[in-house]
Every structure is written in C-alpha cells, then in structure tokens.
Amino acid sequence: MKKKDTTWAKTRKFLNDAHLWIGLAIGLVVLVVCFCGTIYVFNDEIREAATPELYQVEQKAGQHVLSAEQLMSVVETASKGKVVSVRVPADAGRSWQFGVRKKEGDKKKGGHKRADKTGGKEKGKDKEKGKTKPVVYYVNPYTAQILGNSKEVKSVTVNFMTTIFSLHRWLLLDKIEKPIFGELDNRKLGGYITGVSAILFTIGVLSGIALWVPRKIKSWKQGFKIKTSGSWKRTNHDLHNTLGFYACIFLFCMGSTGPQWGFDWYRTGLRKMLGTYAQEKEEKEKKGPQSVVPKDEIEKPLIADYLHAASQVLNYPGDYLLNLPADSAAALNISKTKIGFFAPAAADRIVMDQYTARVIKTERFADLPFNQRVSGSIKAIHTGELYGMFTKIIYFFACLIATSLPVTGTLIWVNKMKKSKSKKAVPAPTRLKPAVI
C-alpha cells in the first residue's frame, strides 16, 4: 500500500518547489548582483590601491603637521567653497580629508556628484539631507599640498568600481536616460528589480535552510561534507547544499538588509521591527544639542583643541571625523572610529560646544541598546564592514558562494528534468498472459 504523506513531507515538497521557482526566477539577477558584491566588498582597498597618491604621504625629517586652520585656508582658497568636515587619520602616513561644499551661488546646475570617504562617486543628491554631498579634498598635512579631490579623480579602476556599484545597485539602468517604463525613473526601476530580488533571495535562503535539514538523524554528517569521489552531479549537489548552509547566516544578512535602499516602506518596516523608527523620527524632528552663543565676540578654539578634548573622553587609537557647525548656534560633532584588523565599523560620537570645546553629549556605540546598535549598523551588516577586514574576508567568500548558487542550483534542476524524462521514456514491462492448454 502507498504510504500517506506526512505534514512535514508536504511542507518539504512545498518549500522545495518554492525554492526551485524562486531560484529560477531571480537566478540571473542574483548571479550579477552577488558577483558585483564580491568585488565591491573591497571597494575602499581597491580604490586606494588604484590612486595611492591621494591617500599616502611621507613625513620627511623635520616636518611637522600643520594646523588644521592652515590646511583649511588652502583648501577653501583652491576650491572656492567652504570646508564642512575634516577627517584626521590616526596613521601619520595618510592624508587628511576635507569635505567642501560650494556656496549656493557657485553651484552648477545639477549639483556635484556624490562622493564617499574613499573618493567613490555616485550620481545624484543626498535625498535624506536635501543637499549635495561635499567634494572631498585630499591634503598632505605636512606641506599643505592638495593631492586631488573626489570630483576629479581619473582612474580606470575607480571608473570600473563605479560601474560595478551601478550594476550591483541598479543593474546599470541608471545609465539609460530615456525611461523604459512610462515615466518611471530607470534608477528607481533598477532599484525595484534588485530590491524584489533581494527579498526573494532571503526567502530562498530560509527555505534552503529548511531543506538542508535531513529527514533522518543519521544523515546529518552528510550535510556538512562535499563528496568529490562520486559523480559530478553528486559533487554539484553537495556544493549547492553544503556551501549554502555554511554561508546561510551571511547570505541572510545581505539579503534581508539590501531592500532598504530600494523601498522606503521596507526601510521603515525594518526600523519599526527593531523598535528604533519612532526614536529616529523624533531625533530628526527636534534640534540636537546647541552651542551657547556668547554675548561678546570671543576667539573660538582651534581644531587641535577639539581633538584634544575628544581624546580625553575617547582614549584609544582611531580616526576622527569633525563635522563643523553649520551656523553660529549649532554644535560641533566629532566621530571616532577604531582602527585595526578586527575594528568595529561603528563610531563613537561626541557633541561639543563650538565656542568652548565643552563636551555636551557623549555616545559610545557599545553602550547603546542592542536594537539601536543593529539599526545603526544596517549598512555595515550589508557590506561586510561590521568588524573591519575580518568580516570583509568572510563576506568575500560568502558572496562567492552566493554567486555560485544560481549556477549549481540550475544544474541540479536540469539534471532532475533529464532524469524525469528518461524515466518517462522507458516503457513499462509487459506481463505475458499464461498459455491456455
């Protein structure tokens, strides 16, 4: 008699079908996005290796670091803009970076291209702040020589990494000017496609984990190994099954965080799920700590004074980022990031009075509640920067595995289809009737 299927057997069949068809539907997009992600994990390192003259400086005998005010004066004269941020590295052999924003009257139509801390460019404006991203000027702190700026970086490698980012984020649709579907912006269209694919990819990861669980306890060990002594079909199956299991946690992190850049509702839902949406909304609506404006005009502290005050609170080696006050009442914000192979990407923050260098507020990332730490690390969780080079290396291999999954999964499906057809092609044996005597 034919045994009735159990509930788990039916559920497993449903998950298997869902896993299969999701994989086939988004396989090509996943292949492209994950391959680009594998390369982009080391975006900062690749860009720096391509343009070392922007980042590396040499301190000759007798040279000392010039004051930040001297360097700012040189940058503002050359750029005809205003310095809004200063990045001071802990390494004496690295350049200082000055974020410069043009004056309103000097801005060209269309604004600047976006520039990250590594000089990478992304077209468009910073929608969250409603302003264009500052242009980053790289300066030798010993000679005040401007080494270059992020807007004018010319390198085949840098252009290649910009293209890789566009392919990863928008499938290069942002490069097409004429809308493909009605009035929908091609950039948004590309974001929708990759966003939906990321959601389905996450579902595929979860279903894959459920399918990995063996039906029999004695078969557990088999799920941890890749058998190379058998047929190539068996090896391919193990590559998909076993490698997918080992990378599943990182694949889930990548897939579940990716859609927030494509969909506002997803980003809002993610923040609400973590319990940080209302708090972040309140912080945006209300003004942060303010400086006490003196009645009489006084001489402001130097950048070195701010750094010295910050080092008294955050006493560890790290890179500083100073966001200068936007007006006379605003406070000065300082972020400090630890350096090292296993250094966390999250920064500790200090808010200071711009007139006295008095610490108004200190926010150590490690002291925040767990949900706030996760919410503040969404980008680092997605890109692999969570714990510096350590997690970048892990993400690199995880992305390689993710890139291989559509290939190995498709081969498994093709082999099953061939096997199914061959079974149907073989005729059933005929039974001979007994001879009548």
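(A) Broad picture of the sheet that holds strand β9 (residues 348–352). The strand order across the open sheet built from eight strands is β6-β5-β2-β1-β7-β8-β9-β10, with neighbouring strands paired in antiparallel fashion. The two strands at the open ends of the sheet, each matched to only one other strand, are β6 (146–149) and β10 (359–363). Across the sheet, the axes of successive neighbouring strands diverge by a mean angle of 20 degrees, strand direction being ignored. Pairing analysis gives three bridges linking strand β5 (residues 135–139) to β6, with the strands arranged antiparallel. Residue pairing across strands places Tyr-137 opposite Asn-149, the latter belonging to β6. Lying on the sheet, helix α4 (residues 68–79) is in contact with β1 (81–88), β2 (96–102), β5 and β6; it crosses β2 at an angle near 40 degrees. Of the strands in this sheet, β1, β7 (318–323), β8 (332–338), β9 and β10 are in contact with helix α10 (residues 303–313), which crosses β7 at around 130 degrees.

(B) Representation of a nonpolar patch on the surface within the structure. Residues Phe-341, Phe-342, Tyr-387, Phe-390, Ile-393, Phe-397 and Leu-400 make up a contiguous nonpolar surface patch of about 670 Å² in total accessible area. Secondary-structure assignment places Phe-342 in the loop between β8 and β9.

(C) Focus on the pattern of salt bridges. What the rule picks out here adds up to five salt bridges. The salt bridge partner of Asp-238 is Arg-234, with a shortest N-O separation of 3.2 Å. Pair noted here: Asp-238 and Arg-234 are both in helix α7 (residues 232–257), with a separation of four residues, about one helical turn. A relative accessible area of 27% places Arg-234 in the partly exposed class. Arg-267 is the salt-bridge partner of Asp-264, the closest N and O atoms lying 2.3 Å from each other. Of this pair, Asp-264 and Arg-267 are both found in helix α8 (residues 264–274), three residues apart, which corresponds to roughly one turn of the helix.

(D) Geometry of the pairing of β1. The element β1 is largely enclosed, with a buried count of six among its eight residues. Across six bridges, β1 lies against β2 in antiparallel orientation. Bridge pairing links Ser-85 to Gly-99 in β2. Two elements, β1 and β7, share four bridges in a ladder whose sense is antiparallel.

Procedures and definitions
Residues numbered from 1 in each chain as written. Predicted model: local features only at pLDDT ≥ 70, side-chain atom pairs only at ≥ 80, totals over all residues. Heavy atoms only, no water. Pairing = 2+ DSSP bridges. Helix = DSSP H or I, 4+ residues; strand = E, 2+ residues; numbered from the N terminus. Axes fitted to C-alpha atoms, helices over the stretch in contact; angles between N-to-C directions. Contact = heavy atoms within 4.5 Å. Patch = residues over 30% accessible without salt bridge, like charges linked within 9 Å, V, L, I, M, F, W, Y side chains within 5 Å. Areas by Shrake-Rupley, 256 points an atom, 1.4 Å probe, with all protein chains shown as cover. Salt bridge = Lys/Arg side-chain N within 4 Å of Asp/Glu carboxyl O. Buried < 20%, exposed > 50% of the residue type's maximum accessible area, 1.4 Å probe, protein only.

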